[in-house]
Amino acid sequence: VQLQASGGGLVQAGGSLRLSCAASGRTFSNYAMGWFRQAPGKEREFVAAISWSGGSTYYADSVKGRFTISRDNAKNTVYLQMNSLKPEDTAVYYCAANRVVTTTPYYNYWGQGTQVTVSS
C-alpha cells in the first residue's frame, strides 16, 4: 500500500485543518488506518485509528472531542478533521495502514508525513 498524506499547514490556535491520506496499490477497504504524529525531540505518538469498515474509531485522550477520523473507501482516502487546534498539536502527522486496527505504532505501511504548525 502506498500512502500520500496532505492537508497540513500553518494555523492559529483554535483553528481547524483537515488532513487527507490517499492510498493506492492494494484494496484499501481491507486495511485499518491510523494517524500518528511526531513533534521535534519526541517519540511518534498515536492520534486516531479507524477500522476497515469505518465502524470503529479510536482516539488518543489528548485529541478526543477535537479530532475526527473518517474514511471513504470509494475514494481510497482517510481523513483527519482537526478542530480547536492547540500549539501542542504541532507535529508532523503520518498516516498508516495495517490489516488489524491498533493504537500501537506497529503498522505495516506508512505515508511520508505532513507538517501541522499551530501558532499561539
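Before reading further, recall that the structure is shown in the block above.
Residues numbered from 1 in each chain as written. Predicted model: local features only at pLDDT ≥ 70, side-chain atom pairs only at ≥ 80, totals over all residues. Heavy atoms only, no water.

Overview of the environment of Asn108
Piece 1. With respect to the helices and strands, the residue Asn108 is situated in the loop between β9 (91-98) and β10 (109-110).
Piece 2. With relative accessibility at 53%, the residue Asn108 sits in the exposed group.
Piece 3. Residues Asn108 and Ser62, spaced 46 residues apart in sequence, show a C-alpha to C-alpha distance of 24 Å.
Piece 4. Beyond its immediate sequence surroundings of up to four residues, Asn108 is in contact with Ala97, Asn98 and Arg99. (Helix = DSSP H or I, 4+ residues; strand = E, 2+ residues; numbered from the N terminus. Buried < 20%, exposed > 50% of the residue type's maximum accessible area, 1.4 Å probe, protein only. Contact = heavy atoms within 4.5 Å.)

What to know about the sheet that holds strand β8 (residues 77-82)
Piece 1. Reading across from one edge, β1-β3-β8-β7 is the order of the four strands in this open sheet, with antiparallel pairing throughout. Two strands close off the open sheet at either side, each with one partner strand: β1 (2-6) and β7 (67-72). Between one strand and the next, the sheet's axes are offset by a mean angle of 15°, whatever the strand orientation.
Piece 2. In terms of strand pairing, β1 meets strand β3 (residues 17-24) through five bridges, oriented antiparallel. Bridge pairing links Leu3 to Ala23 in β3. (Pairing = 2+ DSSP bridges. Axes fitted to C-alpha atoms, helices over the stretch in contact; angles between N-to-C directions.)

Note that all results are geometric; they support no functional claim without further evidence.
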